[in-house]
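Coordinates in review
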Amino acid sequence: MDAEKMKLKLYNTMTQQKEDFVPITPGKVGLYVCGITAYDFSHIGHARAAVSFDVLYRYLKHLSYEVNFVRNFTDVDDKIIIRANESGENPLELSNRFCEEYLVDMGALQCLLPTHQPRVSDHMDHILDMIQKIIEKECGYVVEGDVFFSVDKSPNYGKLSGQLLEHTRAGERVAVDSRKRNPADFALWKAAKPDEPSWESPWGPGRPGWHIECSAMSAHYLSPRFDIHGGGADLKFPHHENEIAQTCAACEDGGVNYWLHNGHVTINNEKMAKSKKNFKTIREITESYHPLALRHFLMSAHYRSPLSFSASQLDSSSDALYYVYQTLQDLDDALLPYREAMAEDGGKAQQTAEAKDVINKLKSEFEAKMLDDLNTAHILTGAYQDALKFINASIGKLKKMQKKQRLSMLVSLAEIEKAAREVLDVLGLLTTLSYAEILKEMKQKTLTRAGLSEEDIEQKIEERITARQNKEFEKSDQIRAELTVQGIALMDIGKETVWRPCFPSQANSSDGDKSTS
């Protein structure tokens, strides 16, 4: 797709408005996203940030941009040291373990690997060089082996977050240090403490402060000025505010053109956070829900909006995706007997006018939403649902059609599938698995949530068949209703009863067995 013809608008936190995205270098994008502090399994708040910027990465690539995507790992930090001391591990070994666990989670969520994934411990030289430049510019000062940044030397400090300098708290993760010239000054380098990892520096052994790592690594892998910087809304202040101050102090041409921030995941109206002990880990959720259902849930609200976590929302996402994959599987099954005839036709058959309209509407609606600041809310509704309905309505008519008419419909359905898959791919909702394999995995997750096995379901189906044969319709209704509450729908197809996942609901007084017996 021609990026120049597609006007992507992004909400820039710095200007607090949507702006046309214009890269510094035509056709190329420099993207930096703040990653995790690796000391524990990541929760779904971390997953939301990852998925939000994976969607941006995928869409930029869809628009034919060449993207240099950098996402860091913080593997040197107070929290890591505290956790390592509690577990008796080496801090770097502990953080390395959780970096690897994070990558497992990202793979499950279909997040593409960034171009670079730098770690703080591997970039001490770059960090030290930047701190030295900040001191040389008289924007940093040394106190007993510690180095602080002087916020008074940053005239635009607070512009990103809207925090006035006189109202800011200390920009560190520790209490205010009386040695600071201004309480808002923050650490660039921390003098070594006993039993903590440290590195040699011109100011004595120590380790970097939290904020300097992103300034140093973004400048190294991109440049002091680059296109897009992303992260969670909680990072606006102090982290991103301090990044701006550091980079601009060290590099005259430093800066970021577009600042993007994703909203929090909330639980019981509070931000989900490890410090609040109200978090759900990615691993915990994906034990009982398919990772694609979690990804869909994380995209179900606009990335800048808060997202309220609930099991019912995950159930809804799971149900919506199951319908998508089942429809595409039904289409695949319907096209199978005609694949040879379609190949022999050699592309002579034309799409129907109705099918062309369905495809055009699907594509135009998708692009309009994505170009408008990546609006993934309700992204698989509207024209996408119309396309699925067209598929379901058409596949049953194939056998009754004349050869020429059927070939035209077959070509139409194949093109609709192609368009539907492209949307799923850009959203990261396709895997290397077949539709059938994804559906099988989703059914297994449903059984896990229900605490049942395939054998249990088969037994329930047999009990219901027996009840219907004995005209015990209340009992057969009750069996179906009880399973529906557990997210399992029984479907009578001819003389066979099959099951599929469904949105868990309250039992109805009647499921219609009396009229179908």
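Calculation rules
Residues numbered from 1 in each chain as written. Predicted model: local features only at pLDDT ≥ 70, side-chain atom pairs only at ≥ 80, totals over all residues. Heavy atoms only, no water. UniProt positions renumbered as here; feature names shortened; annotations may be inferred. Domains from an automatic or database assignment. Helix = DSSP H or I, 4+ residues; strand = E, 2+ residues; numbered from the N terminus. Expected span 1.5 Å × (residues − 1). Buried < 20%, exposed > 50% of the residue type's maximum accessible area, 1.4 Å probe, protein only. Contact = heavy atoms within 4.5 Å. Pairing = 2+ DSSP bridges. Axes fitted to C-alpha atoms, helices over the stretch in contact; angles between N-to-C directions. Phe/Tyr/Trp six-rings, centres within 6.5 Å; stacked < 30°, edge-to-face > 60°. Lys NZ or Arg CZ within 6 Å of the ring centre and 35° of its normal. Lys, Arg positive; Asp, Glu negative; His and termini not counted. Salt bridge = Lys/Arg side-chain N within 4 Å of Asp/Glu carboxyl O. Polar contact = N/O pair within 3.5 Å; in protein donor to acceptor, adjacent residues only side chain to side chain. Arc of directions from axis to C-beta. Core = buried A, V, L, I, M, F, W, Y, C linked by side-chain atoms within 4.5 Å. pLDDT = per-residue confidence, 0-100. Right-handed = clockwise from strand over helix to strand, strands pointing away.

Under an unreviewed UniProt entry, the name given to the protein chain is cysteine--tRNA ligase, and the organism recorded is Brassica campestris. The protein chain has a UniProt comment under Sequence similarities (unreviewed entry) that states "Belongs to the class-I aminoacyl-tRNA synthetase family." The record held by UniProt for the protein chain lists under Cofactor (unreviewed entry) the comment "Zn(2+)".

Turning our attention to the domain arrangement of the protein chain. Much of the literature gives interface size as the accessible area that the parts lose upon coming together. According to the domain assignment, the protein chain consists of domain 1 (18-288), domain 2 (313-436) and domain 3 (451-501). Relative to domain 3, the C-alpha centre of domain 2 lies at a distance of 31 Å.

Attention now goes to helix α14 (residues 435-450). With 16 residues, α14 should cover 22 Å at 1.5 Å per step; its first-to-last C-alpha distance of 23 Å lies within 8% of that length. Those residues of α14 that sit buried are Tyr-435, Ile-438, Leu-439, Met-442, Thr-446, Leu-447 and Ala-450. Looking at the packing, one finds that the buried side of α14 touches α8 (291-298), α9 (311-335), α13 (403-426), α15 (454-469), β14 (488-493) and β15 (496-501). Just beyond α14, the residue with positive phi is Gly-451, at close to 70°.

A few words on the sheet that holds strand β4 (residues 66-71). Ordered in space as β4-β3-β9-β10, the four strands form an open sheet in which the pairing is parallel. Pairing within the sheet leaves two strands with one partner each, and these edge strands are β4 and β10 (255-262). The sheet shows a mean angle of 25° between the axes of neighbouring strands, direction not considered. Note: strand β3 (residues 28-33) against strand β9 (residues 225-232), three bridges, orientation parallel. What sits directly across from Leu-31, in β9, is Ile-228. Against the sheet, helix α5 (residues 212-221) touches β3, β4 and β9, its axis set at about 160° to β3.

With that settled, consider the packing of aromatic side chains. Considering all chains together, one arrives at twelve aromatic pairs under this definition. When the centroid spacing of 6.2 Å and the interplanar angle of 80° are considered together, the rings of Phe-297 and Phe-309 count as edge-to-face. Placement of Phe-297 in helix α8 and of Phe-309 in the loop between β13 (307-308) and α9 is noted, with a sequence separation of twelve residues between them. What makes Phe-297 buried here is its relative accessible area of 0%. Grouping aromatic residues by their ring pairs yields a cluster made of Phe-21, Tyr-65 and Tyr-258. Above the face of the Tyr-11 ring, Arg-304 is positioned so that its terminal group lies 4.2 Å from the ring centre.

With respect to the helices and strands, the residue His-302 is situated in the loop between α8 and β13. Looking at His-302, the relative accessible area reads 14%, which means it is buried. Those residues in contact with His-302 that sit more than four places away from it in its chain are Arg-48, Asp-372, Asp-373, Leu-374, Asn-375 and Ala-377.

Right, let's get into the side chain of Glu-19. Checked against the element boundaries, Glu-19 lands in strand β2 (residues 17-20). Buried within the structure, Glu-19 lacks any salt-bridge partner; its nearest side chain of opposite charge belongs to Lys-9, at an N-O separation of 9.4 Å. Within polar-contact distance, the side chain of Glu-19 engages the side chain of Thr-15 at 2.5 Å.

Our next topic: helix α12 (residues 383-395). Compared with an ideal rise of 1.5 Å per residue, which puts 13 residues at 18 Å, α12 spans 19 Å between its outermost C-alpha atoms and is within 8% of the ideal. Those residues of α12 not exposed but buried are Ala-383, Tyr-384, Ala-387, Leu-388, Phe-390, Ile-391, Ser-394 and Ile-395. Down the axis of α12, the buried side of the element spans an arc of 155°, and every buried residue falls inside it. Taken together, the buried residues of α12 touch α9, α11 (353-371) and α13.

Moving on to the nonpolar core. Of all hydrophobic cores here, the largest spans 101 residues; its most connected members are Ile-228, Tyr-325 and Leu-380. Here this core gets twelve residues from one element, more than from any other, and that element is α13. For Tyr-325, the contacting residues outside a window of four places in its chain are Leu-292, Leu-424, Leu-429, Tyr-435, Ile-438, Leu-439 and Met-442. Of all hydrophobic cores here, the second largest spans 40 residues; its members include Ile-135, Leu-188, Ala-219 and Val-256.

In this fold, Thr-266 is placed in strand β11 (residues 265-267). Linking Thr-266 and Ile-228, residues 38 residues apart in sequence, is a C-alpha distance of 26 Å. Once residues within four sequence positions are removed from consideration, Thr-266 is found in contact with Lys-271, Met-272, Leu-307, Ser-308 and Phe-309.

This part takes up the confidence of the model for the protein chain. This prediction gives the protein chain a mean pLDDT of 93; 95% of its residues lie at or above 70. For residues 169-174, every residue scores under 50 in pLDDT, and the model assigns this stretch 24 contacts once sequence neighbours within four places are set aside. Counting interchain partners and residues more than four positions distant, the pLDDT-below-50 stretch residues 507-512 has ten contacts.

The subject of this paragraph is the pairing of β9. Counting buried residues in β9 gives seven out of eight residues, a clear majority hidden from the surface. Direction of pairing for β9 relative to β10: parallel, over a ladder of seven bridges. Residue pairing across strands places Gly-230 opposite Leu-260, the latter belonging to β10. Running through helix α6 (residues 236-250), the crossover from β9 to the neighbouring parallel element β10 is right-handed.

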